[in-house]
Amino acid sequence: MKIVLISTYELGRQPFGLASPAAWLRARGHEVACVDHSREALDDGAIRAAELIAFYVPMHTATRLAAGLIVSVRAMNPRAHICFYGLYAPVNEEYLRGLGVGTILGGEFEEGLANLAARLRQDGKNLDGGAPQQEPVISLARQKFLVPDRTGMPELSKYARVMLPDGEQRIAGSTEATRGCKHLCRHCPIVPVYNGTFRVVERDVVLEDIRRQVSAGAQHITFGDPDFFNGPAHALSIVKAMHSEFPKLSYDVTIKIEHLRKHDAHLATLRDTGCLFVISAVESVDDAVLEKFDKGHSRADFLAVAVRFRELGMTLLPTFVPFTPWTTLAGYNDLLDVVAREDLCENVAPIQLAIRLLIPAGSRLLDLADMREMVGTFDSAALIFPWNHDDARVDALCRTISELVQRGESLKMSRTEIFSHIRRAARAVAGDRDTGGGMPPREKRTPVPFLDEPWYCCAEPMEQQFVSLGKVKQAVAKADQFV
C-alpha cells in the first residue's frame, strides 16, 4: 500500500512516532512517506496517491494542528482512509470520528497500524463505508520494537539544538527507551491512556537508533520518555552502553522529582555518562496544588533536589504549571521568589512562567469535585474544558506574563532579564514593590545548557491555548482556518 504518516508537532524533535511505525510498515512491504509538517510542507503528490493517511498526535498542539489539516487533505484525496494515532487520539475519539477519521489508535500503536494496513490492502473499500474498527482503540500490548526507520525525514540539523553556555550549539537527535508511565498524576495526559502502565523499548533497538542518528550528525540525544527512571535499570544500562561507544555524546532526560529523590544514588551515573541536564515537571511550589495534581512530591522535595544537583555539579531544568484555578497572586510571587533564591532564573524557560493549566478530555483532574464545578462545557474545537479563575487579576497576570515573554524573546533578552520583567509585573499586580531581593548577583548567575525549543507537557500558554513556536506559529494560523 501507499501510506503517508504525518506529524504536525513534537517539541522540536525528529518524530519517533513517524520513524517507528515506518519501520513496521516498510518491513511488511508498504511504501511509506513520512512528513513532519512542523519542518516541511505536505507532499501533495504523496497525499493524492495514498491509500492510508495517518496523523501522529502525541500532544494537544499536534492534535489541533492535525485536525485542521483534514479538510485540505480530504480535498486532495477523498478516497484515502484517515487514521489518527498517538496519545491524544483515543481521548478525542468522538470529536475525531465526527471529522471523518476512520481509525483511532492509542497506546502501543505500531502493531495496530500494521494490521490496519493489511486489512485495507485486502478490502479497503468496505472500511470507509461504516464498518467498525477492528483494532483496539487503546492497546497496551507488549510489542517487540523494530529499529526506527528515519528514511526521508528532514535532517537532524533542522530540529532543536542544544545551546551551551560557551555559545557552542549541538545537533540533537532523539529517541525513546520507554512509553507510558507508572504514575497517575491527575493533570497528565498519559494517564487516561496508559493508566499506570509503561512499556519498554528493547535496549538493542534504542542503541541502534542512537547509533544511526550519530552517523547522521547527532551530537546530543534527547530521551523522550515521560519519565526516564520508570525503569531505572533499563535506563542506566542504555546510557552506560551509549557512553562507552560514544564518549563525547551528550544527552538529556526527563525524570520526576519523586524519582530523583528515590534514585539519588544513580544521579552521579547520569552525570558521568554525559547527561547535560535533567528536565523535571515540578509544576508548583505550593503543596496544596501539588496534592491536587497528585504529583507525589512536595515543595521540600523540589528544594532538596535543587540542592543535590548543585552538590553534584548537575543541571536541573524545572518546568511549571504556575496558573491553575488554585493559584493566588501571593502564590505566584512565591514561585518567583523560590526560582530567584535557588539561582534557577537561567534554568527555567521563560514561557514556563506563563503556562496555564490545560484540561483535556479524560483528565483525572475531573475526579475532583471542585474542578468539575469550575469548568465549562467541553470545547470540541479547542479540545479542552475551559475554565476561568475566580480572581480576574490572576488571568490578567497570565496574559501579561505571556506578552512579556514574547516581547523578551523577540528582543533576544536573556532568561534572567525576562525573569526580572516578569517579577516586577507580578509584584505590581500584587501591590508589592520589587526590591530584587533574592536575586543572585549578576556575576554569580550560572549559565546552563538547554534545548532551543522549550519543553512542554500538558499545559499551554493562555493567550492561544496551544503552543506556537517558530514554524509552528505559521502552521497554527493555517490550521485555524479549518478548525
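Residues numbered from 1 in each chain as written. Predicted model: local features only at pLDDT ≥ 70, side-chain atom pairs only at ≥ 80, totals over all residues. Heavy atoms only, no water.

### Let's talk about the overall build of the protein chain
The criterion, for reference: Secondary structure follows DSSP: runs of H or I at least 4 residues long count as helices, runs of E at least 2 residues long count as strands, and numbering of each begins at the N terminus. Burial status follows relative accessibility: with a 1.4 Å probe on protein chains alone, a residue under 20% of its type maximum counts as buried, one over 50% as exposed, and anything between as partly exposed. Accessible areas in this description were obtained via Shrake-Rupley with a 1.4 Å probe; residue shielding takes into account the shown protein chains only.
For the protein chain, the helix and strand inventory stands at 19 helices and 17 strands. Out of the 483 residues belonging to the protein chain, those deemed buried represent 59%. Just so you have it, the protein chain exposes about 18800 Å², and 49% of that area is on carbon and sulfur atoms.

### A few points about the sheet that holds strand S16 (residues 450–451)
Just so we agree on the cut-off: Paired strands, in this sense, are two strands between which DSSP finds at least two bridges. Throughout, a contact is declared for two residues whenever any of their heavy atoms are within 4.5 Å. The axes are straight lines fitted to the C-alpha atoms, using for helices just the contacting stretch, and the angles between their N-to-C directions are given from 0 to 180°.
Taken together, the 7 strands give an open sheet; going across it, the order is S14-S13-S12-S11-S8-S7-S16, and neighbouring strands pair in mixed fashion. Taken across any chain shown, the strands that pair with only one partner, and hence form the sheet edges, are strand S14 (316–320) and S16. Where strand S7 (residues 161–163) lies against S16, 2 bridges are found, and the strand directions are antiparallel. When the bridges of S16 are listed, valine 162 appears paired with leucine 451. Relative to strand S8 (residues 169–175), helix H9 (residues 203–215) is tilted by about 150°, and along the sheet it contacts S8 and strand S11 (220–223).

### Regarding the pattern of salt bridges
Opposite charge on two side chains permits them to pair, given that their charged atoms come into close proximity. The test is simple: Criterion for a salt bridge: a side-chain nitrogen of Lys or Arg within 4 Å of a carboxyl oxygen of Asp or Glu.
Using the criterion set out here, one finds 27 salt bridges in the structure. Ionic pairing is found between arginine 423 and aspartate 337, a salt bridge with its closest N-O pair at 2.7 Å. Residue arginine 423 is located in helix H18 (residues 415–430), and its partner aspartate 337 is located in helix H15 (residues 329–341); the two are separated by 86 residues in the primary sequence. Across the pair arginine 393 and aspartate 391 runs a salt bridge, and its minimum N-O distance is 2.9 Å. Through salt bridges with shared partners, a single network forms among Glu108, Glu110, Glu176 and Arg179.

### Re the confidence of the model for the protein chain
Do not read the predicted coordinates in detail wherever pLDDT is low. Selection rule: pLDDT runs from 0 to 100 and stands for how confident the predictor is about each residue.
When the pLDDT values of the protein chain are averaged, the result is 90; 90% of them are 70 or greater. In the model, residues 456–483 has pLDDT below 50 throughout and makes 72 contacts with residues more than four positions away in sequence or in other chains.

### Considerations on unusual backbone geometry
A positive phi angle, near 60°, is found at leucine 11, a position not held by glycine. Positive phi, normally seen in glycine, also occurs at asparagine 195, with a value near 50°. Considering the arrangement of structural elements, one finds asparagine 195 in the loop between helix H8 (191–194) and strand S10 (198–200). Among the residues examined, asparagine 195 registers a relative accessible area of 57% and is labelled exposed.

### Remarks on the environment of proline 58
Mapped onto the secondary structure, proline 58 falls in the loop between strand S3 (52–56) and helix H3 (60–67). On the basis of relative accessibility, which here comes to 16%, the residue proline 58 falls in the buried class. Measuring from C-alpha to C-alpha, the distance between proline 58 and tyrosine 88 comes to 5.8 Å, with 30 residues separating the pair along the chain. Filtering out sequence-adjacent residues up to four positions away, proline 58 remains in contact with Tyr9, Glu10, Leu87 and Tyr88.

### Structural notes on the environment of tyrosine 85
Within the secondary structure layout, tyrosine 85 lies in strand S4 (residues 81–85). Its relative accessible area of 0% is what places tyrosine 85 among the buried residues. C-alpha separation for the pair tyrosine 85 and proline 58, spaced 27 residues apart in sequence, amounts to 8.0 Å.

### Some thoughts on empty space enclosed by the protein
In this approach a probe as big as a water molecule rolls over the atoms, and the regions it shows empty are the leftover space. Quick note on the threshold: Lining residues are those with an atom within 4 Å of a point, where the points come from a 1 Å grid over the protein atoms alone and group into cavities, where a 1.4 Å probe fits but cannot get out, or pockets, open sets with protein on both sides within 12 Å along at least five of seven lines. Grid points are joined across faces, edges and corners, and a volume is the space filled by probe spheres set on the points. Note on residue categories: nonpolar means Ala, Val, Leu, Ile, Met, Phe, Trp, Tyr, Cys or Pro, charged means Asp, Glu, Lys or Arg, and polar means any other residue, Gly included.
Inspection of every chain in the model, using the stated rule, returns 7 cavities of 30 Å³ or more. Leu87, Ile190, Gly224, Asp225 and Pro226 are, among the 38 residues lining the largest cavity, the residues nearest its centre. For the lining of the largest cavity, the residue count by class is 20 nonpolar, 9 polar and 9 charged.

### Structural notes on the sheet that holds strand S2 (residues 31–36)
With parallel pairing, 6 strands are arranged side by side in an open sheet as S2-S1-S3-S4-S5-S6. Each end of this open sheet is capped by a strand with a single partner; those strands are S2 and strand S6 (138–139). Its contacts with the sheet put helix H1 (residues 16–27) on strand S1 (2–7), S2, S3 and S4, and the angle it makes with S2 is roughly 175°.

### Concerning the nonpolar core
Here is the rule we go by: Nonpolar core, defined: a set of buried Ala, Val, Leu, Ile, Met, Phe, Trp, Tyr and Cys residues in which side-chain atoms within 4.5 Å join the residues together.
With 80 residues, the main nonpolar core has Phe223, Leu270 and Ile401 as its most contacted residues. It is H15 that contributes the most residues to this core, 7 residues altogether. Look past the residues within four positions of phenylalanine 223 in its chain and what remains in contact with it is Thr175, Ala177, Val206, Ile210, Phe228, Ile238, Val239, Met242, Tyr251, Asp252 and Val253. Core analysis: the next-biggest nonpolar cluster, separate from the first, contains 25 residues, Ile53, Phe55, Met76 and Ile82 among them.

### Section: the packing of helix H14 (residues 299–312) against H15
Just so we agree on the cut-off: Each angle receives one of four descriptions, namely roughly parallel if under 35 degrees, roughly antiparallel if over 145, roughly perpendicular if within 65 to 115, and oblique otherwise. It is the rotation of the near helix from the far one that decides the hand of a crossing: anticlockwise by less than a right angle makes it left-handed, clockwise makes it right-handed.
Packing of H14 against H15 leaves a shortest axis separation of 12 Å and a crossing angle of 20°. Taken together, H14 and H15 sit at an angle that is classed as roughly parallel. Crossing geometry of H14 relative to H15 is assigned as right-handed. Between H14, through Arg299, Phe302 and Leu303, and H15, the contact on the second element is made entirely by Asp334, Val338 and Arg341.

### Some thoughts on the packing of H15 against H18
Interaxial distance between H15 and H18 falls to 10 Å at its minimum, and their mutual angle equals 150°. It follows from the interaxial angle that H15 and H18 lie roughly antiparallel. You can see that H15 and H18 cross each other, and the crossing is left-handed. Here Leu329, Tyr332, Asn333, Leu336, Asp337, Val339 and Ala340 of H15 lie close against H18, whose contacting residues are Phe419, Ile422, Arg423, Ala426, Arg427, Val429 and Ala430. A breakdown of the residues in the contact of H15 with H18 according to their chemical character gives 10 nonpolar, 1 polar and 3 charged.

### As for the pairing of S4
Buried residues dominate S4, accounting for 5 of its 5 residues. The two faces of S4 match: His81, Cys83 and Tyr85 on one face and Ile82 and Phe84 on the other face are all buried. Inspection of the sheet shows S4 paired to strand S5 (residues 103–107) by 3 bridges, in the parallel sense. Pairing of tyrosine 85 across the sheet is with leucine 105, part of S5.

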